[in-house]
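Chains, contacts and geometry: an overview
Each chain, letter by letter, is given below.
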Amino acid sequence: MAPSVQPVLVEVHLDEGELARSLQEDARRGLSTTPKALPPKWFYDERGSRLFERITHLPEYYPTRREREILEARAGELASGVRPDTLIELGSGFSSKTRLLLDAFAGDLRRFVPFDVSEPTLRQASEAIAREHPGLRVHAVVGDFQHHVGLLPRGGRRLIAFLGSTVGNLTPDERAKLLADLAGGMEPDDALLLGTDLVKDVGRLEAAYNDRAGVTAEFNLNVLRVLNRELDADFGLERFSHRALWVPEREWIEMRLRAEVSQEVRLPAVGLTVAFEEGEELRTEMSAKFRREDVEAELAAAGLEPRAWWTDRASDFALSLAGRA
Ligand code: AVJ
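Now for a look at the structure at hand. (Residues numbered from 1 in each chain as written. Predicted model: local features only at pLDDT ≥ 70, side-chain atom pairs only at ≥ 80, totals over all residues. Heavy atoms only, no water.)

Describing the overall build of the chain
Quick reminder of the rule: A helix here means a DSSP run of H or I that spans at least four residues, while a strand means a run of E at least two residues long, and both kinds are numbered starting from the N terminus. Only C-alpha atoms enter the radius of gyration, while the globule expectation follows 2.2 Å times N to the 0.38, with N the number of residues. Buried, partly exposed and exposed residues are distinguished by accessible area as a fraction of the type maximum, computed with a 1.4 Å probe on protein chains only: under 20%, between the cut-offs, and over 50%, respectively. Note on definitions: a residue-residue contact is assigned when non-hydrogen atoms from the two residues lie within 4.5 Å. Note on areas: Shrake-Rupley with a 1.4 Å probe; residue coverage comes only from the protein chains shown. Residues counted as positive are Lys and Arg, residues counted as negative are Asp and Glu, and His and the chain ends are not counted. By convention, the point assigned to a charge is CZ for Arg, NZ for Lys, CD for Glu and CG for Asp.
Each helix and strand in the chain was counted, giving nine helices and 13 strands. Taken over the C-alpha trace, the chain has a radius of gyration of 20 Å; the compact-globule value for 325 residues is 20 Å, and the two agree within 12%. Structurally, the chain occupies a C-alpha span of about 65 × 40 × 35 Å along its principal axes. Within the chain, the fraction of its 325 residues that count as buried is 53%. Intrachain contacts of the chain at a sequence separation of at least 6 include 72% that bridge at least 24 residues. A total accessible area of about 14,100 Å² is found for the chain, and carbon and sulfur atoms account for 48% of it. Taken together, the 43 basic and 55 acidic charged side chains of the chain have centroids lying 2 Å from each other.

Structure below.
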């Protein structure tokens, strides 16, 4: 008998109330300090997740294509080396690349656990994957990987995939904490698959975040729409412009929103009125780029042992496979 489509289980660790409170806190803190900064996770409402999906198809945005190239080349090796029965994907979004892994693991895989902050995105991706893979249990988790990795389902041989170089959107301290949290919850047979974008020519790096079609600019401005909607703020999107630049001392790309005119913005839900000077910039994202030594040192510091380092042919992007040391 053919396996049947399993009902999707959605576990919510981040309900709307908590999400709202944590956005309020981040906005209050990030907009009342200098320089102003917001954490990048607030881009990803449903619209933001869609805009990011469009970014992955842009000619300038190479990381997704490079990572897919590596996954295509190594999926078989990964399947036979790890033989996971559970695939967990952190920051899964629409899970586009995961489909490759799901196909490669089809024999042993019993359970797929996509984990994301955006509940609507997660539900859509989960339903689609459950339909495409009859017999596979899809157990989606709505959460923030900076707080909730301790709550990931246990048992079996788990492969935890953290793809897309999303780890680069965290500060070095946040990365250390996340990797240590992950390592702390891993059993000897579990493995971590970590995607990292690599340091390269500055022109190519900056172009990847300044696309000609302006999709990245829309994505960047989306955070202001989120603040307007969720916090009743009155950001005028036309009064801010997109900037993205390489910061050599930190080896990361920074995205910023530059106030085109001096202005005051009201955020009644957090009781703030925020003044921007003309030309003042609000940092909305950093996207760190890595070298092999950095990645291996960060894994080791978290108690993880690198077992494989795979790059695409152009050495633009890397996937690391690691296990508990
Ligand atoms: C979410 C890490 C894959 O930092 O490259 C894309 C997000 N920001 N363009 C990245 C992003 C601007 C992206 N990742």
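Observations regarding the environment of leucine 151
Mapped onto the fold, leucine 151 is located in the loop between strand S4 (137-142) and strand S5 (158-162). On the basis of relative accessible area, leucine 151 is assigned to the partly exposed category, the value being 42%. Along the sequence, leucine 151 and aspartate 116 sit 35 residues apart, while their C-alpha atoms lie 13 Å from each other. If near-sequence neighbours (up to four positions away) are discounted, leucine 151 is found in contact with Glu11 and His13.

A short note on unusual backbone geometry
Going from threonine 34 to proline 35, the amide bond is cis rather than trans, its omega being -10°. With respect to the element layout, proline 35 can be found in the loop between helix H1 (16-31) and helix H2 (46-55). If you check the backbone angles, aspartate 232 has positive phi at about 60° while not being a glycine. With respect to the element layout, aspartate 232 can be found in the loop between helix H8 (215-231) and strand S7 (240-247). Classification of aspartate 232 by relative accessible area gives exposed; the value is 57%. Despite not being glycine, serine 315 shows a phi value in the positive range, around 55°. In this fold, serine 315 is placed in the loop between strand S12 (304-311) and strand S13 (317-324).

Digging into the environment of arginine 283
As for its position among the elements, arginine 283 is in strand S11 (residues 281-288). On the basis of relative accessibility, which here comes to 24%, the residue arginine 283 falls in the partly exposed class. Note: C-alpha distance between arginine 283 and alanine 325 (42 residues apart in sequence) is 36 Å. Residues within four places of arginine 283 in sequence aside, it is in contact with Lys36, Ala37, Leu38, Trp252, Glu254, Met255 and Arg256.

Details of the site of the ligand
Note the following rule: Near residues are defined by distance, with any heavy atom within 4 Å of the molecule or strand qualifying the residue. Polar contact is defined as a pair of N or O atoms within 3.5 Å, subject to the rule that within protein one atom must be able to donate a hydrogen and the other to accept it, and that residues adjacent in sequence are counted only when both atoms are side-chain atoms. By the convention adopted, Pro, Cys, Tyr, Trp, Phe, Met, Ile, Leu, Val and Ala count as nonpolar, Lys, Arg, Asp and Glu as charged, and the other residues, Gly among them, as polar.
Contacts to the ligand come from 14 residues, most closely from Tyr61, Asn169, Tyr209, Glu285 and Ser287. Within the side chain of asparagine 169, one N or O atom sits 3.0 Å away from an oxygen atom of the ligand. Between the ligand and the protein, one listed contact pairs an oxygen atom with a side-chain N or O atom of tyrosine 209 at 2.5 Å. Contact with the protein chains removes 97% of the 350 Å² of surface that the ligand exposes when unbound. Taken together, the residues of the shell around the ligand sort by class into seven nonpolar, six polar and one charged.

Things to note about the sheet that holds S7
Which entries qualify depends on this criterion: Only when DSSP finds a minimum of two bridges between them are two strands counted as paired. Axis definition: a line fitted to C-alpha atoms, limited for helices to the stretch in contact. Angles are taken between N-to-C directions and run from 0 to 180 degrees.
In space, the three strands of this open sheet follow the order S7-S8-S11, with antiparallel pairing throughout. Because the sheet does not close on itself, it has two edges, and the strands there are S7 and S11. Across the sheet, the mean angle from the axis of one strand to that of its neighbour is 20°, orientation sign disregarded. Bridge count for S7 against strand S8 (residues 252-259) is eight bridges, and the pairing is antiparallel. Of the residues in S8, the one forming a bridge with leucine 245 is glutamate 254.

Quick notes on the pairing of strand S2 (residues 86-90)
Let me state the cut-off plainly: Look down the strands so they point away from you; if going from the first strand over the helix to the second traces a clockwise path, that crossover is right-handed.
Most of S2 sits out of view: five of its five residues are buried. Sheet topology note: the S2/strand S3 (residues 111-116) ladder contains five bridges and is parallel. Following the sheet pairing, isoleucine 88 is matched in S3 by valine 113. After leaving S2, the chain enters helix H4 (residues 98-104) and then returns to the sheet as S3, a path that is right-handed. Relative to S5, S2 runs parallel, the two sharing four bridges.

Some details on the side chain of aspartate 45
Along the chain, aspartate 45 falls in the loop between H1 and H2. Assessed through its relative accessible area of 14%, aspartate 45 is described here as buried. Contacts of aspartate 45, omitting those with residues within four sequence positions, involve Ser118, Asn222, Val226 and Arg229.

Considering the sheet that holds strand S1 (residues 9-12)
The eight strands lie next to each other as S1-S4-S3-S2-S5-S6-S13-S12, forming an open sheet whose pairing is mixed. Lying at the two open borders of the sheet, with one neighbouring strand each, are S1 and S12. Direction aside, neighbouring strands of the sheet carry axes that sit 20° apart on average. In this sheet, S4 lies alongside S1 in parallel orientation, the contact comprising four bridges. Across the sheet, the residue bridging to glutamate 11 is valine 141, located in S4. Running at roughly 30° to S13, helix H3 (residues 63-82) makes contact with S5, strand S6 (191-197), S12 and S13 of the sheet. Lying over the sheet, helix H9 (residues 292-301) contacts S6, S12 and S13, oriented at roughly 155° with respect to S12.

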